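Residues per chain are reported as follows:
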Amino acid sequence: MVLNTGKTPAIDAEVAKITMAVNDKNPKAVTTSGNGRSVIAPSGDETFYVTANAPDDVMTALQGKKARAHLRCVIAYRDIFKRRRETDFCVYYPTSEDTPNWFNCPDGNSMK
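One structure accompanies this document, and this report is about it. All values derive from a computational prediction rather than experimental measurement.

Reading the values: the criteria
Residues numbered from 1 in each chain as written. Predicted model: local features only at pLDDT ≥ 70, side-chain atom pairs only at ≥ 80, totals over all residues. Heavy atoms only, no water. Helix = DSSP H or I, 4+ residues; strand = E, 2+ residues; numbered from the N terminus. Buried < 20%, exposed > 50% of the residue type's maximum accessible area, 1.4 Å probe, protein only. Contact = heavy atoms within 4.5 Å. Areas by Shrake-Rupley, 256 points an atom, 1.4 Å probe, with all protein chains shown as cover.

## What about the overall build of the protein?
Logical step 1: Summing up its helical and strand segments, the protein has 1 helix and 11 strands in all.
Logical step 2: When its helices and strands are written in sequence order, the protein yields β-β-β-β-β-β-β-α-β-β-β-β.
Logical step 3: The dimensions of the protein, computed from C-alpha atoms along their principal axes, are 45 × 25 × 20 Å.
Logical step 4: Counting all 112 residues of the protein, 34% fall into the buried class.
Logical step 5: Pairs at least 24 residues apart make up 55% of the contacts formed inside the protein by residues separated by at least 6 positions.
Logical step 6: Carbon and sulfur atoms make up 50% of the accessible area of the protein, which totals about 7,200 Å².

See the structure below:
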């Protein structure tokens with residue numbers, strides 16, 4: 001789910017890029033499908049459903065519970081002045097724990 005914390009809408013918001021990596025090293029771009037464009041209202045949220053083909057090393061890490069799997073994503077959108085903007089975010093899955101949740105990375109979350 002993507003949350004718009006700004007005061008204006010994010011227009012034509014889309015998932016522009018996704019990379020995945022084991023322990024945040026050597027990230028690989030992944031092929032995605034199912035990405036639509038959306039308008040995200042101020043203080044609103046939008047859920048993007050994207051299918052991504054995870055690299056083999058990431059799947060091995062997830063299945064073996066031996067290393068963290070990191071996912072970095074770029075959400076692209078236009079502001080009300082028609083300027084293209086991007087927001088980067090990073091989450092990781094702590095394979096050492098038994099949890100259904102992804103957690104925010106300590107860095108890699110920013111707006112451009």
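## Concerning the environment of Y92
Logical step 1: Mapped onto the secondary structure, Y92 falls in strand β9 (residues 84-93).
Logical step 2: Among the residues examined, Y92 registers a relative accessible area of 14% and is labelled buried.
Logical step 3: Along the sequence, Y92 and M20 sit 72 residues apart, while their C-alpha atoms lie 9.4 Å from each other.
Logical step 4: Excluding residues within four positions of it along the chain, Y92 makes contact with R68, A69, H70, W102, F103, N104 and C105.

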